[in-house]
Amino acid sequence: MNILFVTPECAPLVKTGGLGDVSAALPRALAALGHDVRVLMPAYGHMQARGELTGHFVLPAFGPWPAAQLLQLERPGTAPMWLLSCPELYARGGSPYGEAAGPDHADNARRFGMLSRVAAWMGTAATPCGWQADIVHGNDWPCGLAPLFLRHARVGATTPVARSIMTVHNLAFQGLFPMDACDSLGIPAQDRGIDGVEFWGQASMLKAGLQFADAITTVSPTYAHEIQQADNGFGLDGVLLSRRQDLHGILNGIDTQVWNPATDKLIAARYSAADLSGKAANKTALQAHCELQPTRNRMLFGLVGRLTDQKGVDLVARAAPAIVQGSGQLVVLGAGDTALQDALRDAAAAHPGQVSVTLGFDETLAHQIEAGADAFLMPSRFEPCGLNQMYSQAYGTPPIVAPVGGLRDSVTDAADGGGGFVMASHDQAAFGDAIVRATNAWRDTGTWRAVQRAGMAREFAWDAPARRYASLYENLLNAAP
Ligand code: ADP
Ligand code: GLC
């Protein structure tokens with residue numbers, strides 16, 4: 001199959017969270033199954049694209065969009081990539097979505113409308129680059145209009161038009177724009193109602209994807225279930241419920257070439273389940289790097305992530321005094337909401353040498369925390385999948401997780417022979433209880449080794465999920481009119 005994987009971010013070129021990791025690993029895993037997979041992403045100004053440019057196509061100005069180019073980038077060991085180059089829209093600093101730690105760009109409807117428009121175009125015989133997709137697989141709201149444009153391309157078409165898939169990585173981000181944006185984006189009047197893109201008076205790019213995609217996936221079975229309910233549906237539970245026949249939960253994998261303690265060059269010492277001895281050197285190096293008291297006798301808890309309400313970071317900030325009092329240490333790497341950053345900074349100031357907080361994005365330190373911490377904290381309020389709890393299990397760093405979404409699907413409690421600790425509910429007391437349970441287990445080396453090894457034995461590679469995506473694509477193509 002010719003598969004176009006459309007995404008606003010792809011590691012290592014540009015990454016703000018888990019979608020960046022998924023966009024690098026899933027296309028590669030699909031290519032390993034023998035499919036012709038291409039990744040389509042904007043050419044951002046802040047991106048460092050290393051690779052060989054092997055193709056170059058000009059896209060004429062169209063509707064509200066200026067002329068652009070498609071640049072084909074080849075990098076060893078990864079799926080070929082089409083970079084959508086349009087400096088007026090994409091050559092900016094900051095993140096893919098806005099100014100660094102600032103508001104989203106005001107013209108995001110146009111920026112990501114264009115990404116969706118070009119993706120849909122590549123699914124038709126009029127493709128601008130000589131390669132036509134059978135499947136256009138979009139990810140999150142920036143790709144949400146592609147299924148709508150493909151639906152329209154299908155009307156009266158005499159040549160095949162690609163089937164569309166929309167993957168929800170996070171329902172909290174919806175791509176909402178004033179309704180009048182529909183005029184310039186080419187969204188016809190009949191699609192602007194409640195059965196189309198309309199969401200409480202605005203136009204929602206995510207809703208467009210959910211309404212018009214041939215299939216919808218999300219990144220864990222439990223999240224697929226949760227988002228059909230009002231509590232976690234962010235107002236889209238009704239749409240998702242109405243499409244439940246076409247909604248599939250496929251748990252993400254992890255890139256075992258990038259996240260593997262036996263081969264990881266970013267960490268102080270390599271180790272494996274068979275020989276965990278190198279893990280202690282990673283803890284020592286991490287304590288030194290983060291100016292924590294250099295001791296083996298304190299259990300070191302780690303956290304890496306976006307500092308947002310989603311991630312339950314407030315629970316972590318509030319738990320810091322108890323962690324230190326219970327002879328523990330805390331190391332945090334993240335960036336996000338000012339109030340959460342301040343709360344963490346206050347905790348670090350109150351406990352010098354025992355709590356360390358690094359604000360910013362640092363891929364190397366993220367690996368070092370996975371390897372050097374004793375346990376990993378992830379008390380998320382909701383979590384579509386979550387990758388860090390899988391990385392931490394692979395690194396023998398048992399995660400302490402909330403009983404939600406993909407955390408439920410990827411962590412089994414130590415009490416049931418698993419490699420982590422699942423909170424009984426989502427509140428401060430349950431978080432504290434789980435930390436105490438983990439601490440007690442850690443104090444007994446034999447018990448702790450068993451928990452570590454249970455996590456490390458768990459299979460999180462992309463091969464199995466990639467096969468599930470491939471069979472979903474096949475079903476769509478077989479069912480095509
Ligand atoms: P989400 O996508 O919701 O942010 P995930 O757990 O799926 O959560 O993925 C987060 C990814 O982003 C992980 O690879 C994590 O290591 C990385 N990450 C998040 N924040 C940072 C940071 N401040 N520095 C380095 N890596 C980070
Ligand atoms: C989102 C979710 C996270 C998921 C990631 C990759 O950012 O918040 O849970 O792991 O996407 O699918």
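Everything that follows concerns the structure shown earlier in this document.
Describing the site of ligand 2
Close to ligand 2 lie 14 residues, the nearest being His169, Asn252, Glu383, Cys385 and Gly386. In this structure, an oxygen atom belonging to ligand 2 sits 3.3 Å away from a side-chain N or O atom of Asn170. Between ligand 2 and Gln310, the relevant distance is 3.1 Å, taken from an oxygen atom to a side-chain nitrogen or oxygen of the residue. Considering ligand 2 on its own, with 310 Å² of exposed area, one finds that the protein chains cover 93% of that surface. The element best represented in the shell around ligand 2 is helix H1 (residues 18-32), accounting for three residues.

Things to note about the pairing of strand S2 (residues 36-42)
Among the seven residues of S2, six are classified as buried, and the element is accordingly described as predominantly covered. Handedness of the crossover is the feature at issue here: the chain leaves strand S1 (residues 2-6), passes through H1, returns alongside S2, and the resulting connection is right-handed. Note: S2 against strand S5 (residues 81-85), four bridges, orientation parallel. Considered in S5, the bridge of Val39 is made with Met81.

Re the nonpolar core
Membership of the largest hydrophobic core comes to 93 residues, with the highest contact counts inside it found for Leu4, Leu40 and Leu84. Take this core: its biggest share by element is seven residues, from helix H3 (residues 108-121). For Leu84, the contacting residues outside a window of four places in its chain are Leu40, Met41, Pro42, Ala43, Leu59, Ala68, Gln69, Leu70, Tyr90, Met114, Leu115 and Val118.

Details of the sheet that holds strand S15 (residues 355-359)
Taken together, the six strands give an open sheet; going across it, the order is S15-S14-S13-S16-S17-S18, and neighbouring strands pair in parallel fashion. Where the open sheet ends on each side, the last strands, each with one partner, are S15 and strand S18 (421-422). The strands touched by helix H12 (residues 363-372) within the sheet are strand S13 (299-307), strand S14 (328-336), S15 and strand S16 (375-378), with S13 carrying the most contacts at an inclination of about 145°.

A word on the site of ligand 1
Around ligand 1 sit 21 residues in total, of which Gly18, Asp21, Arg306, Lys311 and Gly360 are the nearest. A distance of 2.9 Å separates an oxygen atom of ligand 1 from a polar side-chain atom of Lys15. For ligand 1, an oxygen atom lies 2.8 Å from a polar atom in the side chain of Lys311. Its free accessible area being 560 Å², ligand 1 has 93% of it covered by the protein chains. Secondary-structure elements contributing two or more residues to the shell around ligand 1 are H1, S13, S14 and helix H13 (388-394). Element by element, the count of residues in the shell around ligand 1 is highest for S13, at three residues.

Each value, and the rule that gives it
- Within every chain, residues take consecutive numbers counted from 1 along the sequence as written.
- Chains carry letters from A onward and ligands carry numbers from 1 onward, assigned in written order.
- Reporting in this predicted model follows two pLDDT cut-offs: at least 70 for local features of residues, and 80 or more for side-chain atom pairs to be given and counted; totals over whole chains, interfaces and linings ignore these cut-offs and use all residues.
- Side-chain numbers here rest on the full set of heavy atoms in the structure, without hydrogens or water.
- Put simply, a residue is near a molecule or strand once any heavy atom of it comes within 4 Å of that molecule or strand.
- N or O atoms closer than or at 3.5 Å make up a polar contact, with two conditions inside protein: a donor-capable atom paired with an acceptor-capable one, and, for residues adjacent in sequence, both atoms drawn from side chains.
- Note on areas: these come from Shrake-Rupley sampling with a 1.4 Å probe, and a residue is covered only by the protein chains present in the view.
- Secondary structure follows DSSP: runs of H or I at least 4 residues long count as helices, runs of E at least 2 residues long count as strands, and numbering of each begins at the N terminus.
- When a residue's accessible area, from a 1.4 Å probe over protein chains only, is under 20% of the maximum for its type it is buried; when over 50% it is exposed; and in between it is partly exposed.
- Orient the strands so they point away from the viewer; a crossover is then right-handed if the path from the first strand over the helix to the second runs clockwise.
- Two strands are said to pair when DSSP picks up at least two bridges between them.
- In this description, a nonpolar core means a group of buried Ala, Val, Leu, Ile, Met, Phe, Trp, Tyr and Cys residues linked to one another through side-chain atoms lying within 4.5 Å.
- Only heavy atoms enter the contact rule, under which two residues are in contact if any of them lie within 4.5 Å.
- An axis is simply a line fitted to the C-alpha atoms; with a helix, the fit covers only the stretch in contact. Between two such axes, the angle follows the N-to-C directions and lies from 0 to 180 degrees.

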